[in-house]
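Descriptive analysis of the structure
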Protein chains: 2
Amino acid sequence: MARRSYDQYCPAARALDVLGERWTLLMIRELLLGPKRYTDLLEGLPGIAPNVLADRLRHLQTAGIVQRSSLPPPAASMVYELTPLGDELRPVLLSLMTWGLHFLGQPKPGENASPRWLLQLLEAGADLGAARGLRESYQFCIDGSVLHVVVDDGRVEAREGPAHEPVLVSTTDFDTFLALGARTITAAEAVAQGKLEFEGDPEAGERAITILGGRLIPFGGTDIPVRAAA
Amino acid sequence: MARRSYDQYCPAARALDVLGERWTLLMIRELLLGPKRYTDLLEGLPGIAPNVLADRLRHLQTAGIVQRSSLPPPAASMVYELTPLGDELRPVLLSLMTWGLHFLGQPKPGENASPRWLLQLLEAGADLGAARGLRESYQFCIDGSVLHVVVDDGRVEAREGPAHEPVLVSTTDFDTFLALGARTITAAEAVAQGKLEFEGDPEAGERAITILGGRLIPFGGTDIPVRAAA
DNA sequence: CTGCATCCGCCTCGATACTG
DNA sequence: CAGTATCGAGGCGGATGCAG
């Protein structure tokens, strides 16, 4: 029953003793977007077996990375959420995603895709300096998904679901979102073509582009050397 | 024969398609310290099966992360080294090691340990601002291992082996090195007790402590909340 | 000695079915 | 909705062998 360990007095090996098994880091990716129910995780991780998910969740709880909570009264359901220790994995996932851009390329036919996996990239490329002293949120509606980005005095985090009081709501389809990320179209052009709708304070739009769009490494395009996965 | 994939259009999933298997990220950890021969990797990764190592090396080569090179004339042997793409994994490993400190604790009896796995932490905690405009290297002799840290105008990297022209050579045993990392002893105290030997420019010693020791998170101690691996 | 390939046994994982 | 039970395939660990 003992979990397989690398048995090395090394911080990387210790981290991988806890996180190194299949699916575990992708579960963290999902939970970084906010608390999730068991079935939310199941459908957010296409291909995972239910017993594997249950096993991982138990393990992450005993390791202090994830905790179970009950949602406030109306919805009496259990959710899994990251503890502060689990939230400290954010830099790990963000650096991994940044590196993974080299292998992203174009979506393959039949491949699972979700706007939320790409929206997290905004977090990785955010200009934290420009976010200092600011406290607001931007909402993104992409195809059917609703997500938002919270800016809180130097912290920038992507979350799933609608924002509390967004100063800006952006609506696009998935292809336009990809094109924006790949820099094959600008926001202004997309608006002109009716593919992108802005709602809210125009100045907030400028701030959002400064904070989120400035240093973002293009994705889905060929601006960075891309390697085919073997 | 096809490698197992998550089949998700997500940069994190793409990265894990390439790096997610057992041992792979620890191989990167080893190679970040410099080029290594097959047998060096074999003994640097205690417990790995030779066929697994060979398989991973082939895979990393086809992915463009590792390349084979022949050493300069005297030693006519093959080594594996990171490509620029592979070297871009440095932030991933450093953030993983930083997080892994929460689970490091004290060495368990019988556990594999090496000073190089801890020396890499100096890289993670380095004050890059203080390293600006500076170009020098510090050598560390710990028990029998020889390592060094290269400072090159804002870049700080730990490497295995002796330094080229170190401005400073520090010699300790492993326990003292651990105690310094845990902050249970200061460098001055260790020198006074004859457990730490400095050789070289005293001013360089001050610079080294400023760059490497300033923001370093203590390891091996209990200054940060520690969780037992389940 | 280095750099693997082969064989074997276990144990993790994936897929499906089933239950409170 | 939130998992548990079962079973087969395959990745992995350990030992051994062998070519350059």
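See the structure printed just above.
Throughout what follows, the structure given in this document is the object of discussion. Everything quoted here is computed from the prediction, not taken from an experiment. The residue numbers shown here count from 1 along each chain, following its written sequence. As they are written, the chains are lettered A onward and the ligands numbered 1 onward, keeping that order. Selection of residues for local features in this predicted model requires a pLDDT of at least 70, selection of side-chain atom pairs for listing and counting requires 80 or more, and totals for whole chains, interfaces and linings are taken over all residues. Where side-chain values are given, they derive from all heavy atoms of the structure, hydrogens and water being excluded.

1. Some words on helix H10 (residues 202-213) of chain B
An α-helix turns once every 3.6 residues. As a result, residues three or four positions apart point the same way. Residue and element names in this part refer to chain B. Helix and strand definitions follow DSSP, with helices as H or I runs of at least four residues and strands as E runs of at least two, each counted in order from the N terminus. The length a helix should cover is 1.5 Å for every residue beyond the first. The end-to-end C-alpha distance of H10 is 15 Å, a good match for the 16 Å that twelve residues give at a rise of 1.5 Å each. Contacts were defined at the residue level, with two residues in contact if any of their heavy atoms lie within 4.5 Å. Tucked into the core, H10 has its buried residues touching helix H7 (115-125), strand E3 (135-142), strand E4 (145-152), strand E5 (155-160) and strand E6 (168-172). Of the residues that open H10, the one with a side-chain oxygen 3.0 Å from the backbone nitrogen of Glu203 is Asp201. Contacts described as polar in this section are N or O atom pairs within 3.5 Å, which, within protein, must combine one atom able to donate a hydrogen with one able to accept it, while residues neighboring in sequence count only if both atoms come from side chains.

2. A closer look at the relation of the copies chain A and chain B
Our superposition of the copies is a least-squares fit, built on the C-alpha atoms of residues whose pLDDT is at least 70 in both. Aligned on chain B, chain A shows an RMSD of 0.0 Å; the corresponding rotation is 180° and the shift along the axis is 0.0 Å. Put plainly, the chains are arranged around a two-fold axis. Considering only C-alpha atoms, the part of chain A nearest the rotation axis is A:Val92, at 3.0 Å. When the interface residues of chain A are mapped onto chain B, 100% of them are again interface residues, pointing to one common binding face.

3. Focus on the interface of chain A and chain B
The partner chain B presents 58 residues to the 58 residues of chain A that form the contact. Summed over both partners, the accessible surface that disappears when two parts come together, traced with a 1.4 Å probe, is what is meant by buried area. Summed over both sides, the interface between chain A and chain B buries roughly 5,300 Å², with carbon and sulfur atoms accounting for 67% of that surface. What makes a salt bridge here is a side-chain nitrogen of Lys or Arg within 4 Å of a carboxyl oxygen of Asp or Glu, nothing more. Here chain A and chain B share two salt bridges between them. With its nearest N and O atoms 2.5 Å apart, the salt bridge here joins B:Glu111 to A:Arg14. Applying the counting criterion to the chain A and chain B interface returns 21 residue pairs in polar contact (both at pLDDT 80 or more). Secondary-structure elements contributing two or more residues to the side of chain A that touches chain B are helix H1 (11-19), helix H2 (24-31), helix H4 (50-62), helix H6 (90-100) and helix H7 (115-124) of chain A.

4. A short note on the pairing of E4(B)
Residue and element names in this part refer to chain B. One requirement defines pairing of two strands: DSSP has to find at least two bridges between them. Here E3 pairs with E4 via eight bridges, running antiparallel. Along E4, the bridge assignment pairs Gln139 with His148. The antiparallel pairing of E3 with E4 creates a hairpin that spans two residues between the two strands, and Asp143 there sits at a positive phi of about 60°. With six bridges joining them, E4 and E5 adopt antiparallel strand pairing. By the bridge assignment, Val149 is partnered in E5 with Ala158. Connecting E4 to the next strand, E5, in antiparallel fashion are two residues, including Asp153 with a positive phi near 45°.

5. Examining the protein's contact with DNA strand C
A:Arg22, A:Trp23, A:Arg56, B:Arg4 and B:Tyr80 are the nearest of the 22 residues found near DNA strand C. Taking the atoms of DNA strand C that fall within 4 Å of the protein, sugar and phosphate contribute 69% of them. One nitrogen or oxygen atom from the side chain of A:Arg56 is found 2.9 Å from a phosphate oxygen belonging to DNA strand C. Between DNA strand C and B:Met78, the relevant distance is 3.5 Å, taken from a phosphate oxygen to a main-chain nitrogen or oxygen of the residue. Throughout this document, a residue counts as near a molecule or strand when at least one of its heavy atoms sits within 4 Å of that molecule or strand.

6. Focus: the packing of H6(A) against H7(A)
Residues and elements named next belong to chain A. Angles shown run from 0 to 180 degrees and are taken between the N-to-C directions of axes, each axis being a line fitted to C-alpha atoms and, for helices, limited to the stretch in contact. One can describe the packing of H6 onto H7 by two numbers: an axis separation of 10 Å at closest approach and a directional angle of 105°. By the angle between their directions, the pair H6 and H7 is classed as roughly perpendicular. Residues Arg90, Leu94, Met97 and Thr98 of H6 form the contact with H7, whose own contacting residues are Gln120, Leu121, Glu123 and Ala124. Broken down by class, the residue content of the contact of H6 with H7 amounts to four nonpolar, two polar and two charged. Put simply, angles under 35 degrees are roughly parallel, angles over 145 are roughly antiparallel, angles from 65 to 115 are roughly perpendicular, and the rest are oblique. Classes in brief: Ala, Val, Leu, Ile, Met, Phe, Trp, Tyr, Cys and Pro nonpolar; Asp, Glu, Lys and Arg charged; the others, Gly included, polar.

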